[in-house]
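Close look at the chain arrangement
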Amino acid sequence: MLPFQILERSDGDILVVYPTATNVAVLARDLKLLRTLAFAEAFPAILADEEDREVGLVAVDAEHGRVFAAMGGQVAVWEVASVPGREREISHKIHSSLSIQESITSLDVCKDKLLIGTPSAILIYTVSSASPLPSWRRAHAVPTGDSPVLVARWAPDGSAFAAVADGSRFVKVWRTSNLLLTEPEGEDVEGGAYQALPHPKPVVNVRWRKAPSSSSQTHVLITTTSDSTLRMYASVLDCPDRLELWTSVSPSTPDAALLWLDQARAHGLLDEAERGAGDGEEGERRRMRVKDLRAMEGDLVWGVEEGGRRVELMAVVNIDRRPPTLLRTFPVLQLSLEHPFPAAPSTLHLLPSPTPSTLFLLFHRPGFPLLPYHFHPASFLDPIPSPTPPINPLRAPRHTEHRRPVHALVRTAKAKAVSSLARRDGEAIAWRTAKKVRVGGGNGELGRKRQVLQVCGQGQYGAAEHVVLFENGEAVAFFADGSLNLSRIASDGAFAIPTSFPSLPLDVSCALLLAVPSPFSDNSSLIVLVTPDATTYTYSVPASSDPTFLSAFSLASAGKSSLFLPVDPMGWIPSASDAGEVFLTISDAGELRFWAPRLAQGGTEVEWQQTGRIGTGRKDILMGRCSSVRKTALVVRAEGGRETLEIWDSKESEFSSGLEYSHTFGPDEHVNDLDWTTTVDLQSILAVGFRSHVLLLCQQRMHYFDDRPLWSSFVRVDISSLTPQPIADSIWLADGSLAVASSNQIFLYSRFVEFEPGDVEGEFADKESVFEIVARQNGPLPDYHPQLLLQCLLWEKVELVKDILYQLAQNLENASIGGRRSLDLPRIPIERFYEEEDCGLSVNEASARANHSALFENESPSSENESGFSRRTVGQLLAVTRTTRLPHLTEHEQSHLQVIAQATLDVEEQRRALDANGLRYLISMHSFRLLQGQPSSGAPPVSSGSKHASRLHLRDFSWAFHSESQQLLLDASSRAYGGKMLWPDARALGTFLWIRSHETLRAHMEEIARNQYMSGEDRDPIKCSLFYFALGKRKLVSGLWRQASWHPEQKVMLKFLSNDFNEPRWRTAALKNAFALLSKRRYDYAAAFFLLGGSLKDAVNVCIRQLDDVQLAIAIARAAEGDEGPVFRGLLRDVVIPLSFKEGYRWLGSWAFWMLNRRDMAVRILVTPLKDLVADGDAPIESVGNDNYDDPSLALLFAHLKNQTLQTVKGTAEIVGRVEFNFVLHTTRLLCRMGCHPLALHIARNWSFERPAATPRATPFPSSPVSTPAALPAPSPAPLADTAAARFAEAASPSPARRPSFTDGMPTSPRASRRKSALLSMHRRRSSILNDMDIPSEPPTRPSSPPQLDGPAGATPAEQGSTPTPSESKTEVPSSAGVPTPGLTKTGFGSLMKTAKQQTKVPDFDMSAFGF
């Protein structure tokens, strides 16, 4: 009987169907798994069946693409098909199923007729098409007596079948035309007459020959007897319904096996032999040999001796000729194999191979696996031995399989061996990884190399509860029935008789069993047993020796523990002085404690020391796993039956809870297992197993333009396309391989990830190691990485960036000249990141220094930096990087490096006239423009999904908004578009958000309108009408319409625009036209008519609602009525501020508050949680989004604004000192997550927590609460809508209670005063602070604090006078080197505002008079 079947589809696809345990494996011709068909798909109840049953029979129906499998008395039927365009994938579905009372001993199918052999009968079933669902109806039943049917086979045309009973010497042949139909269903009816073919020996197999053509013999039966003799039976002319013996073929040696090869298969062998014959004399000889064999038109017979080394080939010719007396048999060749078969096969099958002139040869014998070989017909048929072996093994490692489903995988500490444990019967197989194994290679060439698993032992553990593997897979310790046992694997792979561990109590139970390399002695292992009551029993097991008891130790400090988890030793390097953690305990309250072994005094006993603890607060922990670098993954039960995966960093600090990642899975996603591995640089990788897939998670480097979690899955290993069976366990092996156990199969995945085209970029588009992926996604960046360079530019390290780019260019040039492929670029010393650079100068300071320096310059400006960073350097760098791939950079990152280099050059040429914020904007603007691939740029276009693809970031708008050189920025922005900036360009750069001057804004809008009109060839006035109407230039639009003679609406528009729109009737007419245009979806033109009709508010609403363009609404509102206009201020209150809170746009919110003259809120929104701001404003915001602090540039803007004006000082004072301190630490962590570790260290080293000096250091703080400043007045302009947000935006922000002092809870400084920072923009003391605080006449919106003790007696808010007109004046504040105690929250602000109102001229204003 065939242990496997070949499914040859009509489309030429060939599948190998192979039974394995309770599954059916569908393999490709090279035996690579395509799909596992689970018998439980058709019979789900089999999952709970405890009987020892397996799929023993398979059959195929090539005509319909069906696969049949039998287990016991049940038959499952699938339909399989190839997936077009996917070579390694098939589709399948359940077709039908069938159950009978007896066990099935034989199975065959032909033309929708199923032939089943049982212990007592032969059954024939046909498919019923009467019902929508396919079902099987029994058509015939042929009793066979008490002899079970060994094998029953259909003839190729289905008109006859042959069967033989187990141990019988007679083969019986029935004709279906002589069979009676079964009547009624279920009754056995004696079949028609049959023919019995006697044999001298018991028959072990029967098969029908496949006719090569329609004129060939139809029914040719081949039988095999126990002495390996083949007999051929066929009909004769005078008796076509009976079979006669034509010939027999016996082996040359008694122990050889003979296998029949039909003529169709023989012709395929000869075709490949002719293709691979070669050239010259040898090729001609081989072709002649093939020609002679082809002329015989016969079948071939293999003969393989028992040892598998000698092979003979015989030919049986003239089978299809008449009369049969012409039939003859003769030998073809005999040869010895260089790579012998493991034994004489029971089945050999030839399949086509993708390698030219070769075939696949499948070998099988009971007790051996299905093995593939590369077969070279030309060398095989050549009588002269060839240097190329004719038969080469395709897969070398020994193979075996579980008969039961695997439920767990355990590995050694170094993960070079793994043991798979099967269910119920305790079957176990120990495997050892093999790195380099030949897996292919045609024509004798060495094929690819990959990691595989080789069996090193097989045995039974019995009812083992815990099993560990050590000594490179040669020793096993297992706990079963209260006893801890040791068993070693013998040379023949069998488990030795177990020996018990000494000194273990009889009634002990095991919660955790571990085996780790001993840190105290070489060539020995520690076996640790942990009981549920937190008692450890530690043993030392030297190599090839018996175990030695070391100690019993109670983990008293562990308390009551609910879970005991191992620490995955991947990456663990223990030593006697500092042994790593071995396991951890989890208490009922969710507290994690880590334990490591230590030698007690005397050096003979082992104690366990707690090395760390962390409180998670989780009480319903389902499972967990800890890595060797103390990253702990926990699965916690969440609401609704869901599960949450959390990753905790055990290095807990007061600024971090330790929780790094939390994700709640869907209700149908349940975590099955967790496992860690560690890279050589101690980066952790977590494998999370689910029912049918495994997610690989690693730490992620944060990107400046992307919002990413700290952990993310980077690879998904999905076995659902291979098997429907669930994953039982997954485990990491050495070298980054991942073993996944499902049912009785183990899937081994190498560390290399093969990507589909387009999944990744550049050099990573083929395949990449998981270790390389992790290193690329996390860790410090090289100095030349564009993200580090960009951050250096933003943090005013321009000179450092120039030096890095210059060194990179020089190194690339030297490498190109010297022919080197690797870079020798030294790291920049960390001290360079501390150096002070004059990048934060104001425009006046920059000009003054430039003029002063010019007095002493001996060289012309054109020669500056020629020996260092210059245009030549950038050009050289761009030229080399277009053809040379830099290490550690993707294609997109290298293109961004080119962008950074070009932008740095452009900024360098203009930096003397710019302040720091202007530099930041220009850097971002140039990067944005260059990433768009403009022809004028020196870098190639890049369009790889960056968030800069549509517009600049909101933070870039803020840099320009707070810059003192806006005219230069506007000129540079216009030049970037060739002086033809259109509205989409202005929106991308946010110009109408950051231009402060109203006259400049109107002039810029007029330029945009002119460019809109001139764009294209049609000169359409409609494209610019909205902008000109916003500027009030109706007559100019009318003049443009006079020139648009081609436009169909010219006459109508000229007539309409000739009216006087100061009259109400024509304004009403314009509004009616606007609404008509809205109905026609001409929204931009409708907004223009609203402006023509004098309804700016409706025009703004159209921009927001219909055009979804808030920037356009802001632009026309600012141009039409200015920044103090009611529509614009209502737009800020009702739209912009709620949007910033809802989406977490802190940059946008800060800009909006600044425009509303709420500059204290503009500072606070950068640092303070949004919900706290809403709470301070009586919660007027309807929706608050996520607090997004993951932008280190927030610290830049905060440092710039916090001492700009009195309002910003007030806002800074309302930020608790601990909040600012944590904010700075968070910024440093962000930079580390971005890979910018030097910058993070620079900020942590130099940040100053000084507040603006409002009082001399010697002035004492008041010891009692002081009055809070009164509320700022609400603006009078009418809002767009009367909303709570509007009230909030105009309300005062001081809280009634005293805010904590800046020093409250602050860590003690190691020095009395901090050094001045190298960051000039953050730490340069201002000689003056802008006085932008108005003195309100109305009562404050919040309750006042208790009366101020140090202020003027009897001062009340009512006495402060009426509300003045908003104004700004410079309030000179003396700079003080002293650091005031940061109690400047609200102390003295009431007195400050009162005095500010009474004294307009304050050149000598002294803040010390107000109690600071």
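A brief report on the enclosed structure follows. Just so we're clear, the structure is a prediction, and the values are computed from it rather than from any experiment.

**Things to note about the overall build of the protein chain**
When helices and strands are tallied, the protein chain shows 34 helices and 59 strands. When the 1412 residues of the protein chain are sorted by exposure, 56% land in the buried category. Of all intrachain contacts in the protein chain linking residues separated by at least 6 positions in sequence, the fraction that spans at least 24 positions is 59%. Split by element, the accessible area of the protein chain, about 59,900 Å² in all, is 50% carbon and sulfur.

**Re the sheet that holds strand β2 (residues 14–20)**
Overall, antiparallel pairing links the four strands, which are arranged β1-β2-β3-β4 in an open sheet. Pairing within the sheet leaves two strands with one partner each, and these edge strands are β1 (5–8) and β4 (33–38). Going from strand to strand, the sheet's axes swing by 25 degrees on average, the running direction of each strand aside.

**Structural notes on the sheet that holds strand β50 (residues 684–689)**
With antiparallel pairing, the four strands of this open sheet are ordered in space as β49-β50-β51-β52. The two strands at the open ends of the sheet, each matched to only one other strand, are β49 (673–678) and β52 (711–718). Within the sheet, the average angular offset between the axes of one strand and its neighbour, ignoring direction, is 25 degrees.

**Thoughts on the pairing of strand β21 (residues 257–261)**
Summarising burial for β21: five of the five residues are buried, a large majority. Burial of β21 is two-sided: the residues Ala-257, Leu-259 and Leu-261 facing one way and the residues Leu-258 and Trp-260 facing the other way are all buried. Inspection of the sheet shows β21 paired to strand β22 (residues 299–304) by five bridges, in the antiparallel sense. Looking at the pairing, Leu-258 lines up with Gly-303 of β22.

**Quick notes on the nonpolar core**
Generally speaking, soluble globular proteins have nonpolar side chains that are buried together. Tyr-921, Met-1005, Phe-1089, Val-1100, Ile-1116, Phe-1141 and Trp-1151 are the most contacted members of the largest nonpolar core, which has 154 residues in total. If you tally residues by element for this core, the top one is helix α21 (residues 1083–1092), at nine residues. By size, the runner-up hydrophobic cluster in this structure holds 32 residues, among which are Leu-269, Leu-371, Tyr-373 and Phe-375.

**A word on the pattern of salt bridges**
Applying the stated criterion across every chain yields a total of 47 salt bridges. For Arg-365, the salt bridge goes to Glu-306, with nearest N and O atoms at 3.1 Å. Placement of the pair is Arg-365 in the loop between β26 (359–364) and β27 (371–375) and Glu-306 in the loop between β22 and β23 (310–317), with a sequence separation of 59 residues. Connected through salt bridges with shared partners, the residues Arg-1158, Asp-1160, Arg-1164, Lys-1210 and Glu-1214 form a single ionic network.

**Details of the pairing of β49**
Where burial is concerned, most of β49 is hidden: six out of the six residues are buried. As paired strands, β49 and β50 are joined by six bridges and run antiparallel to one another. Within β50, the residue paired with Thr-677 across the bridge is Ile-685.

Cut-offs and rules
Residues numbered from 1 in each chain as written. Predicted model: local features only at pLDDT ≥ 70, side-chain atom pairs only at ≥ 80, totals over all residues. Heavy atoms only, no water. Helix = DSSP H or I, 4+ residues; strand = E, 2+ residues; numbered from the N terminus. Buried < 20%, exposed > 50% of the residue type's maximum accessible area, 1.4 Å probe, protein only. Contact = heavy atoms within 4.5 Å. Areas by Shrake-Rupley, 256 points an atom, 1.4 Å probe, with all protein chains shown as cover. Pairing = 2+ DSSP bridges. Axes fitted to C-alpha atoms, helices over the stretch in contact; angles between N-to-C directions. Core = buried A, V, L, I, M, F, W, Y, C linked by side-chain atoms within 4.5 Å. Salt bridge = Lys/Arg side-chain N within 4 Å of Asp/Glu carboxyl O.

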